[in-house]
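# Coordinate analysis (summary)
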Amino acid sequence: MRYVIAYDVADDGRRARVAKILESIGERVQGSVFEADLSDKALARLQERLAKVVEADSDGVRFYRLCAECARLVTIVGRGKVVKPPDLLIV
């Protein structure tokens, strides 16, 4: 399943750790926004990893699930590129 993951992290160090985790599983499409294709198991692992880094009182990470049809309808105004789902997803 395709996810759009957006974060708002108050501390520079935690923000860098969150970005590094997300860079390992997806593609950055804007400063604090990533897209990733994740199985349910991979999503759960990712959320566990992020929960160890973020501070619940001051930080937030949001996961927006995109259905296959919605992912195909993504458009961009301005710079950037539409991230295509991989041909093969290893879980």
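Below you will find a few notes about this structure. (Residues numbered from 1 in each chain as written. Predicted model: local features only at pLDDT ≥ 70, side-chain atom pairs only at ≥ 80, totals over all residues. Heavy atoms only, no water.)

The subject of this paragraph is helix α2 (residues 40-51). Across its 12 residues, α2 extends 16 Å between first and last C-alpha, which sits within 8% of the 16 Å expected from 1.5 Å per residue. Looking at α2, one finds that the buried residues are Ala42, Leu43, Leu46 and Leu50. Seen from one end, α2 has its buried residues packed into an arc of 100°, which puts them on one side. Away from the buried face of α2 by more than 90 degrees, exposed residues Asp40, Lys41, Glu48 and Ala51 are located. (Helix = DSSP H or I, 4+ residues; strand = E, 2+ residues; numbered from the N terminus. Expected span 1.5 Å × (residues − 1). Buried < 20%, exposed > 50% of the residue type's maximum accessible area, 1.4 Å probe, protein only. Arc of directions from axis to C-beta.)

With 16 residues, the main nonpolar core has Ile5, Tyr7, Val18, Leu22, Leu38, Leu46 and Leu50 as its most contacted residues. Excluding anything up to four places from it in sequence, Tyr7 contacts Arg15, Val18, Ala19, Leu22, Arg28, Gly31, Ser32, Phe34, Gly60 and Val61. (Core = buried A, V, L, I, M, F, W, Y, C linked by side-chain atoms within 4.5 Å. Contact = heavy atoms within 4.5 Å.)

Function cannot be read off these values alone, since they describe shape.
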